[in-house]
Amino acid sequence: MTTPTLSLNDGHSIPQLGYGVFLVPPEDTERAVSEALEIGYRHIDTAAAYRNEEGVGAAIAASGIPRDELFVTTKLWNDRHDGDDPHAAIAESLEKLGLDRVDLYLIHWPTPAKDNYVNAWQRLIEIRQQGLARSIGVSNFLVPHLERIVAETQVIPAVNQIELHPAYQQRDVTEWAKEQGIRIESWGPLGQGKYDLFGTPAVSDAAAAHGKSPAQVVLRWHLQKDFIVFPKSVRAERLKENIDVFDFTLSDAEIEAIDALDPLDGSGRVGTHPEDFN
Ligand code: NAD
């Protein structure tokens, strides 16, 4: 099964669907990632903070899949924004992953109260120039944070990875990103199971109509909105289900019904607000 790719604003491309390993325990990660690669996933989303980069690297090494067929993302953690520390942090991540470069390196959170994300972004620009990351981007950045890094460096991130699912669509961020050519990656694409997306008629009716599961309908909604997704599961049957989303298309009416699930007051958010995560 081949996953479609999307182009990035730096000329590179990214598989639109991948496998995210947040909360996959370090001791289970090699097995889980090996299984995902076996099933056909070619895009892995990890982070220094997930403490499972070694397991990701071990699975990649064992797979024998040519490096240029894989897309690997990792992220700079919040306590490493200052001074030259991002350079040390990427070196440590690459060592753990057993790679000489990642495909995408992200600032994990802006931590605005610390006021050091512009320095971190300048260091990521250097990391890209050194060839240690092919593309660079950010995560959990709101419009003011994005405006500031672009104004101060003139370098536009390739992606912004944000909490995004039908109950929390962050339209202000996605619209600004679209104008600037920044791709959106949806984290928590299924609402982390905390919000009953699957029981809503907009999702369950479309699932019944297409003979698909509610999770597949929600993932399909992301794909048709041009978002990048990497749902997490450690169960083989769900890994298979989550990549089996390229043989049906939601109608405009089905997409609009799912669009309408956002209460628009922020109450659908399942994670921490980026202004408060410092
Ligand atoms: P998710 O919405 O993918 O939810 C994961 C949960 O959904 C799993 O624990 C599982 O119980 C359930 N699930 C998965 N597949 C299912 C299926 N087919 N049917 C029913 N339930 C299913 O949330 P997530 O794991 O938080 O997000 C995905 C990835 O996004 C993470 O693994 C990580 O890579 C990334 N992420 C990034 C940030 C960030 O701050 N940048 C934060 C959280 C997650």
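Here the structure is shown first, and the text comes after it.
Notes on the structure in this doc start here. Model, not experiment: these values are computed from the prediction.

## A short note on the sheet that holds strand S9 (residues 183–187)
Here eight strands make up an open sheet; going across it, the order is S3-S4-S5-S6-S7-S8-S9-S10 and the pairing parallel. Looking at the sheet topology across the chains shown, the edges are occupied by strand S3 (19–20) and strand S10 (228–229). In the sheet, strand S5 (residues 71–76) pairs with strand S6 (residues 102–107) via four bridges, with the strands oriented parallel. Counted as the bridge partner of Thr-73 is Leu-104 from S6. Of the strands in this sheet, S5 and S6 are in contact with helix H3 (residues 85–97), which crosses S6 at around 135 degrees. Helix H4 (residues 117–129) contacts S5, S6 and strand S7 (133–139) of the sheet and is inclined by roughly 165 degrees relative to S7.

## Notes on the packing of helix H2 (residues 53–63) against H3
Closest axis-to-axis distance for the H2/H3 pair is 7 Å, and the angle between their directions is 45 degrees. Put simply, H2 runs oblique to H3. Note on element contacts: H3 touches H2 through Ser-93, Lys-96 and Leu-97, opposite Glu-53, Glu-54, Val-56 and Gly-57. Within the contact of H2 with H3, the residues separate by chemical class into two nonpolar, two polar and three charged.

## Regarding unusual backbone geometry
Positive phi outside glycine occurs at Asp-115, with the angle close to 50 degrees. With respect to the helices, strands and loops of the structure, Asp-115 is situated in the loop between S6 and H4. Residue class for Asp-115 comes out partly exposed when judged on its relative accessible area of 47%. For Gln-170, which is not a glycine, the phi torsion comes out positive at approximately 45 degrees.

## Quick word on the environment of Ile-136
Relative to the elements of secondary structure, Ile-136 occurs in strand S7. Placed 22 residues apart in sequence, Ile-136 and Ala-158 show a C-alpha to C-alpha distance of 6.0 Å. Leave out the neighbours within four places in its chain, and Ile-136 touches Leu-104, Tyr-105, Trp-121, Leu-124, Ile-125, Arg-128, Pro-157, Ala-158 and Val-159.

## With respect to the nonpolar core
The biggest cluster of nonpolar side chains holds 75 residues, and the ones touching the most others in it are Tyr-19, Tyr-105 and Trp-121. Among the elements that make up this core, the one with the highest residue count is H4 (seven residues).

## Digging into the side chain of Ser-186
Mapped onto the elements, Ser-186 comes out in strand S9. Discounting chain neighbours no more than four positions away, the residues touching Ser-186 are Ile-162, Leu-164, His-222, Phe-227, Ile-228, Val-229 and Phe-230.

## Some points on the pairing of S7
Taken residue by residue, a regular strand's side chains alternate between the two faces of the sheet. Burial analysis of S7 places six of its seven residues in the buried class, which makes it a mostly covered element. Note: S6 against S7, five bridges, orientation parallel. Bridging from a neighbouring strand, Tyr-105 pairs with Ile-136 of S7. Pairing of S7 with strand S8 (residues 159–163), which is carried by two bridges, proceeds in the parallel orientation. Residue Val-138 lies in a different strand from S8, and its bridge partner there is Asn-160. The β-α-β motif built from S7, the intervening helix H5 (residues 143–153) and the parallel element S8 has right-handed crossover chirality.

## A short note on the pairing of S6
Of all the six residues making up S6, six are buried; the element is thus mostly covered by neighbouring parts of the structure. In the classification by handedness, the crossover that spans S6, the intervening H4 and the parallel S7 is right-handed.

## Quick notes on helix H10 (residues 252–259)
All of the buried residues along H10 are Glu-254, Ile-255, Ile-258 and Asp-259. Down the axis, H10 shows its buried residues gathered within 145 degrees of arc, on one side only. Seen from the buried face of H10, the exposed residues on the opposite side, beyond 90 degrees, are Asp-252, Ala-253 and Glu-256. Where the residues of H10 are buried, they touch helix H6 (171–180), helix H7 (201–210) and helix H8 (214–224).

Definitions and cut-offs
- Residues numbered from 1 in each chain as written.
- Predicted model: local features only at pLDDT ≥ 70, side-chain atom pairs only at ≥ 80, totals over all residues.
- Heavy atoms only, no water.
- Pairing = 2+ DSSP bridges.
- Helix = DSSP H or I, 4+ residues; strand = E, 2+ residues; numbered from the N terminus.
- Contact = heavy atoms within 4.5 Å.
- Axes fitted to C-alpha atoms, helices over the stretch in contact; angles between N-to-C directions.
- Parallel < 35°, antiparallel > 145°, perpendicular 65-115°, else oblique.
- Nonpolar A, V, L, I, M, F, W, Y, C, P; charged D, E, K, R; others polar.
- Buried < 20%, exposed > 50% of the residue type's maximum accessible area, 1.4 Å probe, protein only.
- Core = buried A, V, L, I, M, F, W, Y, C linked by side-chain atoms within 4.5 Å.
- Right-handed = clockwise from strand over helix to strand, strands pointing away.
- Arc of directions from axis to C-beta.

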